[in-house]
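The residues making up each chain are set out below.
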Amino acid sequence: MRVFAGIAAGLMLASCSSNAVTRAFDTRNNAGPCPPAAVLYDASRIVELEGEEPNFSNITYTGELNGIRLFCRYVDDQPLRANLELDFAFGKGPKADANRHEYRYWVAVTRRSSKVLAKQYFSVDANFAGEKVTGQTVTVEDIIIPRADSTISGANFEVVVGFDLTDDQLAFNRQGRRFRLDAGQ
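Rules used throughout
Residues numbered from 1 in each chain as written. Predicted model: local features only at pLDDT ≥ 70, side-chain atom pairs only at ≥ 80, totals over all residues. Heavy atoms only, no water. Pairing = 2+ DSSP bridges. Helix = DSSP H or I, 4+ residues; strand = E, 2+ residues; numbered from the N terminus. Axes fitted to C-alpha atoms, helices over the stretch in contact; angles between N-to-C directions.

Colleague: Sorry if this is basic, but what is going on with the pairing of strand β5 (residues 100–111) here?
Modeller: Residues in a regular strand point their side chains to alternate faces of the sheet. Pairing between β5 and strand β6 (residues 116–127): 11 bridges, direction antiparallel. Of the residues in β6, the one forming a bridge with Tyr 103 is Val 124. Hairpin connection, β5 to β6: the antiparallel pair is bridged by four residues, and Ser 113 has positive phi, about 55°. Bridge count for β5 against strand β8 (residues 157–163) is seven bridges, and the pairing is antiparallel. Considered in β8, the bridge of Ala 108 is made with Val 160.

Laid out in structure tokens, this is it:
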């Protein structure tokens, strides 16, 4: 993950200077567009509660997916390969019992607005170090977009991301309920 972050940082500086990282990166234009990437709204946040009542005093941990960026590369008639950057924000509530918490999320490749072709689960660890709110950017590397041949565009696919939610957490989100990450600070 750090290797890709270094390459991305090098690309941002490419307009200012040239170095070994930018010279090693394939700068040819893609043969087509990258697939759109999005956070599924219903799974864009997680509120973990201890107790029956969904109120602020029962919050253990919260999380939000705040941003997503996809970078892809076409190579002949091979499947597209993509890297994804995800921006997370994490919160620690009054019932939290630790300064570290692991959040599970998924990344799915779909046909445009249709069938899920592949879905993979990942975890991100939040270290609060005594703070109530923290953020983090995570890179998911080597996502395969299974196009059949070189005539198939990345625009025919989507990459969708969300938290791995329980049925109760999903219902909470669908009701439009939420707690701000910094509530009560």
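From this point, the discussion proceeds with the structure in view.
Colleague: I tried to follow the sheet that holds strand β2 (residues 45–49) on my own but got confused; where do I start?
Modeller: For sheets, the rule is that strands pair by backbone hydrogen bonds, running either parallel or antiparallel. Spatial strand order, β2-β3-β4-β7: four strands in an open sheet with antiparallel pairing. Both outer strands of the open sheet, β2 and β7 (133–145), are each paired with one neighbouring strand and no more. When strand polarity is set aside, the average angle formed by the axes of neighbouring strands in this sheet is 20°. With five bridges joining them, β2 and strand β3 (residues 59–73) adopt antiparallel strand pairing.

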